[in-house]
Structures are given as C-alpha cells and as structure tokens.
Amino acid sequence: IQDVVNLIDRARIVVCDCTSRNPNVFYEAGIAHTLGREVILITQSAQDVPFDLRHLRYVLYLNNQEGLAALTHALQGRMQTILGH
C-alpha cells in the first residue's frame, strides 16, 4: 500500500473508476482527497458512485470502442481544465 500512497502523493490528478464498487478504489480516492489531489471519478453506472461521493462530478462511460473514445476525450478535457491549459 505504501507504493500506492507514494504514487498518489506524486500525482497531480488521480482517476478513480467506481465501476463495480471496488473498495480499494474508494480507499485510494480517500487518500487522494486527503493529500489534496484532484480526483476524477469515472464509472459505467451512476449507481456505483457511493451516496457520499455523488456530489462530485463524475464521468459516465460505456465499455466499448465508442465509449472508451468518448471517455478519453472527456478525461483530456477535464485534465486540461484542471491543469489550466
């Protein structure tokens, strides 16, 4: 876990996929929030985003070629906004 914490600490932006409600993802999102990192939530289903995180903007995507292309585009836009480019 220390390797994960170190990587999160070095990152400016952390992308967390809430799909399937993986507890590790939520733990890592909490670490990122605690360290003051920008967190972008992505998910294939809005129901996978826990109630206490739904106030945060998240990106819905489909796990197919078109959906992943749209996800890439959306992530690029969000990252450019966050980084001020």
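Up top is the structure these notes are about.
Within every chain, residues take consecutive numbers counted from 1 along the sequence as written. For this predicted model, a pLDDT threshold of at least 70 governs which residues receive local features, and a threshold of 80 or more governs which side-chain atom pairs are given and counted, while totals over whole chains, interfaces and linings are taken from all residues. Hydrogens are left out, water is left out, and the side-chain values use all remaining heavy atoms of the structure.

## Some thoughts on unusual backbone geometry
The phi dihedral of Ser20 falls on the positive side, at around 70°, and the residue is not glycine. Secondary structure elements follow DSSP: runs of H or I of four or more residues count as helices, runs of E of two or more count as strands, with numbering from the N terminus. Structurally, Ser20 is set in the loop between β1 (13–17) and α2 (23–34). The backbone phi angle of Arg21 is positive, close to 50°, even though this residue is not glycine. One can find Arg21 in the loop between β1 and α2. Accessible area is worked out with a 1.4 Å probe on protein chains only. A residue is then buried under 20% of its type maximum, exposed over 50%, and partly exposed in between. Classification of Arg21 as partly exposed rests on a relative accessible area of 41%.

## Things to note about the pairing of strand β2 (residues 38–43)
Burial analysis of β2 places five of its six residues in the buried class, which makes it a mostly covered element. Note on the crossover from β1 through α2 to β2: the handedness is right-handed. For two strands to pair, DSSP has to find at least two bridges joining them. In this structure, β2 lies alongside strand β3 (residues 58–60), joined through three bridges in parallel fashion. Across the sheet, Ile42 pairs through a bridge with Val59, a residue of β3. Here is how to tell: hold the view so the strands point away, follow the path from the first strand over the helix to the second, and if it runs clockwise the crossover is right-handed.

## Quick word on the nonpolar core
Residues belong to a common nonpolar core when they are buried Ala, Val, Leu, Ile, Met, Phe, Trp, Tyr or Cys residues joined through side-chain atoms within 4.5 Å. If you look at the biggest cluster of nonpolar residues, it comprises twelve residues: Ile8, Val14, Cys16, Cys18, Val25, Ala29, Ile31, Ala32, Val39, Leu41, Val49 and Leu53. Those elements that place two or more of their residues in this core are β1, α2 and β2. Of all the elements, α2 adds the most residues to this core, at four residues. In what follows, a contact means two residues having at least one pair of non-hydrogen atoms within 4.5 Å. Residues contacting Ala32, with those up to four places away along its chain left out, are Ile8, Val14, Arg37 and Val39. Within the second largest apolar cluster, seven residues are counted, among which are Ile13, Ile40, Tyr61 and Leu75.

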